[in-house]
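# Notes for the structure review
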Amino acid sequence: MDIDAQGNLYIASWWSGEASVYVGPHVGFVTRLTPRAAEERPFPNLHELTGAELTELLRAASAVIRFHAQGEFIQRSTGQENLDALTQIVKDRQFPVSGRVAAMFALKQILGESSHQLLIAATEDPDLRELAIRALTDRKSQFAKLNSESLARFLDDESHRVRVQTLISLGRLGDISVANAIIPLADTSGTSRPDPAKPHADQVIPHLAMKALVQLGAVDACLDAIEGEHWRGALRVLRSLHS
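Overview of the structure.

Reading the values: rules and limits
Residues numbered from 1 in each chain as written. Predicted model: local features only at pLDDT ≥ 70, side-chain atom pairs only at ≥ 80, totals over all residues. Heavy atoms only, no water. Helix = DSSP H or I, 4+ residues; strand = E, 2+ residues; numbered from the N terminus. Rg over C-alpha atoms; globule rule 2.2 N^0.38 Å. Buried < 20%, exposed > 50% of the residue type's maximum accessible area, 1.4 Å probe, protein only. Contact = heavy atoms within 4.5 Å. Areas by Shrake-Rupley, 256 points an atom, 1.4 Å probe, with all protein chains shown as cover. Pairing = 2+ DSSP bridges. Expected span 1.5 Å × (residues − 1). Axes fitted to C-alpha atoms, helices over the stretch in contact; angles between N-to-C directions. Parallel < 35°, antiparallel > 145°, perpendicular 65-115°, else oblique. Left-handed = near helix turned anticlockwise from the far one by under 90°. Nonpolar A, V, L, I, M, F, W, Y, C, P; charged D, E, K, R; others polar. Salt bridge = Lys/Arg side-chain N within 4 Å of Asp/Glu carboxyl O. Core = buried A, V, L, I, M, F, W, Y, C linked by side-chain atoms within 4.5 Å. Polar contact = N/O pair within 3.5 Å; in protein donor to acceptor, adjacent residues only side chain to side chain.

## Quick word on the overall build of the protein
A tally of regular secondary structure across the protein gives 12 helices and 3 strands. The C-alpha atoms of the protein give 23 Å as radius of gyration, which overshoots the globular expectation for 243 residues (18 Å, by more than 25%). Along the first, second and third principal axes, the C-alpha set of the protein runs to 65 × 55 × 30 Å. Counting across all 243 residues of the protein, residues that qualify as buried make up 40%. Restricting to contacts in the protein with at least 6 residues of sequence separation, those with at least 24 account for 56%. When the accessible area of the protein is evaluated, it comes to approximately 14900 Å², of which 52% is carbon and sulfur surface.

Next comes the structure, spelled out in structure tokens:
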């Protein structure tokens, strides 16, 4: 499936086809679904737009429009005016969050490690925190100046999604000094086996904490934790560590 900037949804089907037998040239179809009473909105030539006009496109409700506007900003990355515009969007709490996130990742792609100061500041904004953490650890080649302690403080964030992303990012960073802070999160909330067909948010955090500790190779920290209250989580991690 795919969707365009007009809101048309395209669905492809392999109807009547076979994977291993040729059944002729007429196989499958593509269906276009158009919203009722949809108004045609010509898509602009992005190369001809001013920076201000591109900025307005980042306000769009359509993710397709935002995606292409973001790409045009990245293509114009050498201009300081465009960098300033993207920075202002990230800082503007009145701007739609989806557009701020698009601007934030555009700056990450354009500036690399030079964007980290802005991204760390963005973690102070609850609306951006989860994705600012993700952007900070998006590329392993850009970890040199990242401090894991600046992310570890979000392990007890009130947002479940922020805690999830923090665990993923700390695992990617590979700084074993945060292992002791992660071990308590590896404990499961109970011994019952959940129904695999239903969502269980309480199982996500312990699973990701265990995966992060395995990535960190936190053998010593887990061995020390066996004698404490978080021994169950520590044992789960040790079962997956092979050295």
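## Some words on the pairing of strand S2 (residues 9-13)
Within a regular beta strand, the side chains point alternately toward one face of the sheet and then the other, so they alternate between its two faces. Here strand S1 (residues 2-3) runs beside S2; their pairing, made up of 2 bridges, is antiparallel. Within S2, the residue paired with Asp2 across the bridge is Tyr10. What sits between the antiparallel neighbours S1 and S2 is a turn of 5 residues, in which Gly7 has the positive phi angle 95°. Both S2 and strand S3 (residues 29-33) contribute to a ladder of 5 bridges, which runs antiparallel. Note on S3: the bridge partner recorded for Ala12 is Val30.

## Side note on helix H2 (residues 63-75)
The end-to-end C-alpha distance of H2, which contains 13 residues, comes to 18 Å, matching closely the 18 Å that a straight helix rising 1.5 Å per residue would cover. Burial in H2 covers these residues: Val64, Ile65, Arg66, Ala69, Gln70, Glu72 and Phe73.

## Some thoughts on the sheet that holds S3
Strands sit in the order S1-S2-S3 across an open sheet of 3 strands; the sheet is antiparallel. Where the open sheet ends on each side, the last strands, each with one partner, are S1 and S3.

## Looking at the packing of helix H8 (residues 160-173) against helix H10 (residues 201-216)
Between H8 and H10, the least distance of the axes is 8 Å, while the angle of their chain directions is 15°. By the criterion of interaxial angle, the relationship of H8 to H10 is roughly parallel. Both H8 and H10 take part in a crossing whose hand is left-handed. Seen from H8, the contacting residues are His160, Arg163, Val164, Leu167, Ile168, Leu170, Gly171 and Arg172; seen from H10, they are Ala201, Val204, Ile205, Leu208, Ala209, Ala212, Gln215 and Leu216. Residues belonging to the contact of H8 with H10 are distributed by class as follows: 11 nonpolar, 3 polar and 2 charged.

## Things to note about the pattern of salt bridges
All told, the structure shown has 7 salt bridges when counted by the stated rule. Taking the shortest distance from any N to any O, the salt bridge between Asp125 and Arg93 comes out at 3.4 Å. With a gap of 32 residues between them, Asp125 in the loop between helix H5 (116-122) and helix H6 (129-136) and Arg93 in the loop between helix H3 (80-91) and helix H4 (97-111) connect regions that are remote in the sequence. Judged by relative accessible area, which is 4%, Asp125 ranks as buried. For Arg93, a relative accessible area of 52% translates into the label exposed. The shortest N-O distance in the salt bridge between Arg129 and Asp157 comes to 2.8 Å.

## What about the nonpolar core?
Counting 62 residues, the largest nonpolar core has Leu58, Leu170, Ile182 and Leu213 as its most contacted members. Beyond its immediate chain neighbours, meaning those up to four positions away, Leu170 contacts Ser148, Leu151, Ala152, Leu155, Asp175, Val178, Ile182 and Leu216.

## Re the side chain of His116
Here His116 shows up in helix H5. There is a polar contact of 2.8 Å between the side chain of His116 and the side chain of Lys108. Beyond its immediate sequence surroundings of up to four residues, His116 is in contact with Lys108, Leu136, Gln142 and Leu146.

## Quick notes on H6
In terms of burial, H6 is largely enclosed, as 6 of its 8 residues are buried. Those residues of H6 that sit buried are Arg129, Glu130, Ala132, Ile133, Ala135 and Leu136. Residues of H6 that are buried make contact with H4, H5, helix H7 (149-152) and H8.

## Focus: unusual backbone geometry
Phi at Ser16 is positive, roughly 70°, even though this residue is not glycine. Looking at where Ser16 falls in the secondary structure, it is placed in the loop between S2 and S3.

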